[in-house]
Amino acid sequence: MHTYKRFAVLFVVVTALETLAFAAQNQVGIVQEIMGTVTVTRNGKVLSQIDLGDPIENYDLIKTGSDGGMVIGLTSETGMRGTLIVKPKSVFTVKTQVVSGSPKTEADVLGGSIGVKVKKISGDPSLNVKTGNTVMGVRGTEFVVVISVNNGLLVTCNEGKVACTGDEGDELYAVPGQVVARTAGERLKNIPVAVSSLEDFQNRWYTEEISAFKSSAVRALDQYARAYFRYRDDFRKKSDELAREPIFLQWKKEFREGIAPAPSRDIQVMKQKAVMVKKLMNIRQVLFFFERIYYRLDEIQSYVPATALRSKLYNGQNVQDFMRLVASEKSEFERRAAEYRFALRLYAQRNDGKEPVSIGDEEDSFFDDTDSFFQE
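Residues numbered from 1 in each chain as written. Predicted model: local features only at pLDDT ≥ 70, side-chain atom pairs only at ≥ 80, totals over all residues. Heavy atoms only, no water.

1. Focus: the overall build of the protein chain
A tally of regular secondary structure across the protein chain gives 6 helices and 17 strands. Every one of the 376 residues in the protein chain was classed for burial, and the buried ones make up 52%. Working note: accessible area of the protein chain is about 17,400 Å², and carbon and sulfur atoms make up 52% of it. (Helix = DSSP H or I, 4+ residues; strand = E, 2+ residues; numbered from the N terminus. Buried < 20%, exposed > 50% of the residue type's maximum accessible area, 1.4 Å probe, protein only. Areas by Shrake-Rupley, 256 points an atom, 1.4 Å probe, with all protein chains shown as cover.)

Written as structure tokens, this is what we have:
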């Protein structure tokens with residue numbers, strides 16, 4: 001074989017191996033069980049045909065319908081052994097990064113409920129479950145996190161110990177016999193609950209949260225509407241800027257064509273990242289709040305009393321028209337958020353697997369205001 005042919009074959013083999021290595025490194029879990037309506041959004045596209053054994057990858061967004069559910073088995077890349085159980089009417093994203101030599105996995109719950117049952121394999125891995133600015137940190141335990149339509153939080157634990165840190169830095173522990181709960185606008189608190197009664201308590205808590213919403217639906221929706229319109233146009237503007245960015249368009253083209261990114265220290269790549277990090281951080285500031293708003297609005301549609309539909313909101317629009325507007329714009333904003341996460345993934349490919357701001361960094365100062373728009 002001529003030298004140039006051997007080189008060409010070697011180049012193809014090395015490129016293929018690099019692609020496979022990155023795919024494995026990018027994998028967070030495997031679908032172990034699936035039921036009802038479930039979608040996974042990846043690389044800017046919604047995947048509705050999900051099967052047992054399919055991978056769950058970094059920056060995937062998992063969404064379940066009212067009849068949906070999924071069990072995700074964590075892979076060795078997370079440093080953990082165990083499962084994430086996604087309940088019906090839930091939305092969350094997941095990612096793993098290596099920080100200071102150890103894998104750090106983060107599940108961000110945007111709405112609904114997920115269960116966690118994990119143990120570390122070896123070393124010093126960690127798994128955090130986030131919702132807004134509240135973080136549930138665990139290294140080996142079994143617990144459930146529930147987010148209500150009122151932005152309330154409930155953490156139940158029947159094995160191990162879960163550290164729950166609020167946005168004001170207060171830390172409480174969910175342990176067998178004691179749950180952690182938070183009403184929107186209030187601090188975390190412990191409530192004693194027998195392990196044998198956890199499921200009943202969780203169901204009662206959520207039912208009470210729905211009742212509380214219904215009893216003041218117009219007031220709650222008025223606050224949702226104020227927050228929705230406050231962040232909507234800003235999100236559109238900043239995601240449009242990302243969509244037009246030539247570097248993002250180039251990265252997407254390279255991804256589609258299977259071109260492996262240049263090393264993170266390549267001069268050209270470093271210049272590209274310097275431009276992209278500003279675009280990504282601009283979106284991240286607004287999407288952090290806005291995404292939670294429109295997913296909650298999607299969830300509460302069925303809970304809005306008929307008597308509230310004709311009531312006026314702060315801007316003169318009635319509740320029914322506002323809910324119709326939200327429904328008509330939902331797919332647009334989900335698409336825009338998906339493009340943002342695709343951009344994050346492409347950035348991480350060129351940054352040794354790390355986001356612009358790594359998990360655990362203290363640089364996210366723009367998230368320090370509040371995680372509850374009900375406090376405004």
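From this point, the narrative continues.
2. A look at the pairing of strand β7 (residues 80-86)
Walk down a regular strand and you will see the side chains alternate between the two sheet faces. Pairing of strand β6 (residues 69-74) with β7 involves 4 bridges; the strand directions are antiparallel. When the sheet's bridge partners are listed, Met 70 is paired in β7 with Val 86. Here β6 folds back onto β7 in antiparallel fashion, the turn holding 5 residues, of which Gly 79 has a positive phi close to 75 degrees. Across 7 bridges, β7 lies against strand β9 (residues 102-120) in antiparallel orientation. Bridging from a neighbouring strand, Ile 85 pairs with Gly 115 of β9. (Pairing = 2+ DSSP bridges.)

3. As for the side chain of Glu 254
Counting through the fold element by element, Glu 254 comes out in helix α4 (residues 246-256). The class of Glu 254 is buried, set by a relative accessible area of 18%. Setting aside residues up to four positions removed in sequence, Glu 254 forms contacts with Ile 259 and Arg 350. (Contact = heavy atoms within 4.5 Å.)

4. Overview of the pattern of salt bridges
Scanning the entire structure with this criterion turns up 27 salt bridges. The residue Asp 108 makes a salt bridge to Arg 292 at a minimum N-O spacing of 2.6 Å. Here Asp 108, found in strand β9, pairs with Arg 292, found in helix α5 (residues 267-300); they are 184 residues apart in sequence, far enough to count as distant. The pair Asp 108 / Arg 292 is uniform in exposure class, with both members buried. Where salt bridges share partners, they join Arg 232, Asp 233, Arg 236, Asp 240, Glu 329, Glu 332 and Arg 336 into one cluster. (Salt bridge = Lys/Arg side-chain N within 4 Å of Asp/Glu carboxyl O.)

5. Regarding the packing of helix α3 (residues 217-244) against helix α6 (residues 319-349)
Close contact between α3 and α6 brings their axes to 10 Å; oriented N to C, the two are set at 35 degrees. Judged by the twist between their axes, the crossing of α3 over α6 is left-handed. Grouping the amino acids of the contact of α3 with α6 by side-chain chemistry returns 16 nonpolar, 1 polar and 7 charged. (Axes fitted to C-alpha atoms, helices over the stretch in contact; angles between N-to-C directions. Left-handed = near helix turned anticlockwise from the far one by under 90°. Nonpolar A, V, L, I, M, F, W, Y, C, P; charged D, E, K, R; others polar.)

6. Remarks on the nonpolar core
Core analysis: the biggest nonpolar cluster contains 62 residues, and Phe 213, Leu 221, Tyr 228, Leu 297, Ile 300 and Phe 322 have the highest contact counts within it. Put simply, the parts of the chain that give this core at least two residues each are β12 (140-147), β16 (178-182), α2 (198-215), α3, α4, α5 and α6. It is α5 that contributes the most residues to this core, 14 residues altogether. Of the residues that make up this core, three or more belong to each of domain 1 (4-208) and domain 2 (216-368). Not counting chain neighbours up to four residues away, the residues in contact with Phe 322 comprise Leu 221, Tyr 224, Ala 225, Tyr 228, Phe 229, Leu 297, Leu 313 and Gln 317. (Core = buried A, V, L, I, M, F, W, Y, C linked by side-chain atoms within 4.5 Å. Domains from an automatic or database assignment.)

7. Quick look at unusual backbone geometry
One non-glycine residue, Lys 89, lies in positive phi territory at about 55 degrees. Here Lys 89 is to be found in the loop between β7 and β8 (91-99). If you check the backbone angles, Asp 352 has positive phi at about 55 degrees while not being a glycine. Note on placement: Asp 352 falls in the segment after α6. Given the relative accessible area of 53%, Asp 352 is considered exposed.

8. Regarding the pairing of strand β10 (residues 126-131)
Counting buried residues in β10 gives 5 out of 6 residues, a clear majority hidden from the surface. One ladder, built from 5 bridges, connects β9 with β10; its direction is parallel. If you follow Ala 107 over to β10, its bridge partner there is Val 129. Across 5 bridges, the pairing between β10 and strand β11 (residues 134-138) is antiparallel. Within β11, the position partnered with Asn 128 by the bridge is Gly 137. Counting the residues between successive antiparallel strands, the hairpin from β10 to β11 contains 2 residues, one of them, Gly 132, with a positive phi of roughly 65 degrees.

9. A word on the packing of aromatic side chains
Per the stated rule, a full pass over the model turns up 17 aromatic pairs. Summarising the aromatic geometry, the rings of Phe 255 and Phe 342 are spaced 5.1 Å apart at their centres and angled 80 degrees between planes, so their arrangement reads as edge-to-face. Of this pair, Phe 255 sits in helix α4 while Phe 342 sits in helix α6, and the two are 87 residues apart along the sequence. What makes Phe 255 partly exposed here is its relative accessible area of 31%. Three or more aromatic residues link up through ring pairs in this structure, and these residues are Tyr 228, Phe 229, Phe 235, Phe 290, Tyr 294, Tyr 295, Phe 322 and Phe 333. Geometry around Tyr 173 places Lys 161 over its ring, the cationic atom sitting 4.3 Å from the centre. The ring of Phe 288 is capped by Arg 292, whose NZ or CZ atom sits 4.6 Å from the centre of that ring. (Phe/Tyr/Trp six-rings, centres within 6.5 Å; stacked < 30°, edge-to-face > 60°. Lys NZ or Arg CZ within 6 Å of the ring centre and 35° of its normal.)

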